[in-house]
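Observations on the model geometry
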Amino acid sequence: MKILVTGGAGFIGSAVVRQFIDETPHSVVNVDKLTYSGNLESLKSISGDPRYFFEHVDICDALELARVFETRQPDCVMHLAAESHVDRSISGPAEFIQTNIVGTYALLEASRSYYGSLPEERKSRFRFHHISTDEVYGTLGKEGLFTEETPYSPNSPYSASKASSDHLVRAWHHTYGLPVLTTNCSNNYGPYHFPEKLIPLMILNATNRKPLPVYGNGENIRDWLYVEDHARALRLVLEKGKIGENYNIGGRNEKTNLEVVHTICTILDELLPEGAPHASLISFVKDRPGHDFRYAIDASKIAKELGWMPRETFESGIRKTVEWYLENEAWVNHVTSGEYRNWIETHYEKGSA
Ligand code: NAD
Ligand code: DAU
């Protein structure tokens, strides 16, 4: 199959693209605008593969999307391109409305027109897989889990924009018959994560002896999933998921933010004893406005119906992640210096590769 992946230069998208090229015979067309969070260096290990193609395209650009579908002739779409950081959505929501809502609309329309032009046999294989978040369900108290039946109740501009995109995807299925799949996943972590998010930020700040800013009292809870486990779940849903269904994905790894930061500090104390105790760098700062208290996923549907289980525990995954950041100095330095932004000029012609 040829899979069109949007946002393939991002954190999760790059894991999906690397897995497809490394572990399957499929080819991938990566459609990415390369915003601040898009980094082609995360795809360095597979970018020379003849089954990998790159399109430097904004998903809001309908004409460019039509050209990509026409020339690349994909069998499926996996839609990951998005503005993804909650704090940025609070300080500047406009890009979130544009990419996450208008961009998803443009991609749905391009997919619908392309799907309509396919012969029956290719139509039967076509899927539009929309990758979304557990944040659409809002916040939990101390008890309970998000199921696929939990009503939507998004609280931040980010989660509201993702909820909107989920509804558009659902409508394009019910109204136009587009064969869609939607997945809602909990917090991911792992290699190649842009260091604005909690885990990579804490690892890099701690190694550089900078303060570790914990919002509020650090008691907010997130349910962590190793990114490679998420990528495997997405591949499984694309292959075996039932058209029109939603699947929750999560690792049953609930931790308070403070627990996460202490775990990172303990691993760093062992690997970099000269900086110990890294926990002395923890600094409580003003809380995020509207900060959701707790997310926790019931992933029993994908386990029962498709047989997915995560391979990593939080303990194994977080150790791998800390080690990866210490061992991949070039990737880290290029991100922190901004040099990764030059990768496109030095490695690709504009438009395609
Ligand atoms: P990311 O910010 O690391 O990557 C986003 C990618 O999308 C980047 O490569 C960026 O260049 C690209 N992009 C942004 N705007 C674009 C546009 N207009 N046109 C084309 N490309 C554009 O995000 P991520 O953490 O990898 O998240 C990927 C998807 O998974 C998102 O849809 C997000 O909502 C969802 N998700 C993320 C998590 C998580 O914990 N990170 C959890 C659940 C769901
Ligand atoms: O639940 C899935 C979502 O997880 C995804 O949809 C989002 O794209 C992804 O960014 C993530 O959202 P969060 O807001 O949960 O992730 P973030 O890493 O920004 O924050 C995790 C928790 O840590 C949250 O409770 C806020 C807190 N935090 C975050 C930062 C950046 C801090 O305490 N200090 C920080 O400096």
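Details of the structure are given in the entry above.
Anyway, here's the lowdown on the structure attached to this text. Treat the numbers as computed from the prediction; the structure is a model and nothing was measured.

Okay, the site of ligand 1 next. What surrounds ligand 1 is a group of 28 residues, the closest being Ile-12, Asp-32, Ser-84, Tyr-158 and Lys-162. In the model, a nitrogen atom of ligand 1 is placed 3.0 Å from a nitrogen or oxygen of the Thr-99 side chain. Measuring from an oxygen atom of ligand 1, one finds a backbone N or O atom of Asn-188 at 2.9 Å. Elements with a contribution of two residues or more to the shell around ligand 1: α1 (11–23), β5 (127–133), α6 (157–176) and β7 (187–189). For the shell around ligand 1, the element with the highest residue contribution is β5, accounting for three residues. Here the shell around ligand 1 is built from residues that sort into twelve nonpolar, twelve polar and four charged.

On to the packing of helix α9 (residues 257–271) against helix α11 (residues 314–327). Following both chains from N to C, one finds α9 and α11 inclined at 55°, their axes separated by 10 Å at the closest point. Taken together, α9 and α11 sit at an angle that is classed as oblique. Every pair of crossing elements has a handedness; the one defined by α9 and α11 is right-handed. Between α9 and α11, the contacting residues are Val-260, Thr-263, Ile-264, Ile-267, Leu-268, Glu-270 and Leu-271 on the first element and Phe-314, Ile-318, Arg-319, Val-322, Glu-323 and Leu-326 on the second. Tallied by class, residues from the contact of α9 with α11 come to nine nonpolar, one polar and three charged.

Moving on, we get to the pairing of strand β8 (residues 212–215). Here β8 shows a buried face lined by Leu-212 and Val-214 and an unburied face lined by Pro-213 and Tyr-215. Pairing analysis gives four bridges linking β8 to strand β12 (residues 282–285), with the strands arranged parallel. Pairing of Pro-213 across the sheet is with Ser-283, part of β12.

What counts and how
The numbering scheme is per chain: residues are counted from 1 as the chain's sequence reads. Here chains are named by letter from A upward and ligands by number from 1 upward, in the order in which they appear as written. Selection of residues for local features in this predicted model requires a pLDDT of at least 70, selection of side-chain atom pairs for listing and counting requires 80 or more, and totals for whole chains, interfaces and linings are taken over all residues. Only hydrogens and water are removed before side-chain values are computed, so all heavy atoms of the structure are retained for them. For this purpose, a residue is taken to be near a molecule or strand whenever a single non-hydrogen atom of the residue falls within 4 Å of it. Polar contacts, as counted here, are pairs of nitrogen or oxygen atoms within 3.5 Å of one another; within protein the pair requires one atom able to donate a hydrogen and one able to accept it, and residues that are adjacent in sequence qualify only if both atoms are side-chain atoms. Counting from the N terminus, the helices are DSSP H or I runs at least four residues long and the strands are E runs at least two residues long. Residues are grouped as follows: Ala, Val, Leu, Ile, Met, Phe, Trp, Tyr, Cys and Pro are nonpolar; Asp, Glu, Lys and Arg are charged; every other residue, Gly included, is polar. Only the stretch in contact is used when a helix axis is fitted, and all axes are lines through C-alpha atoms; the angle between N-to-C directions ranges over 0 to 180 degrees. Any angle between 65 and 115 degrees counts as roughly perpendicular, while under 35 counts as roughly parallel, over 145 as roughly antiparallel, and the rest as oblique. A clockwise turn of the near helix away from the far one marks a right-handed crossing, whereas an anticlockwise turn of less than a right angle marks a left-handed crossing. Contacts: residue pairs with any heavy atoms within 4.5 Å of one another. Each residue is assigned to one of three classes by its accessible area relative to the maximum for its type, calculated with a 1.4 Å probe on protein chains only: buried under 20%, partly exposed between the two thresholds, exposed over 50%. The rule for pairing is simple: two strands pair if DSSP sees at least two bridges between them.

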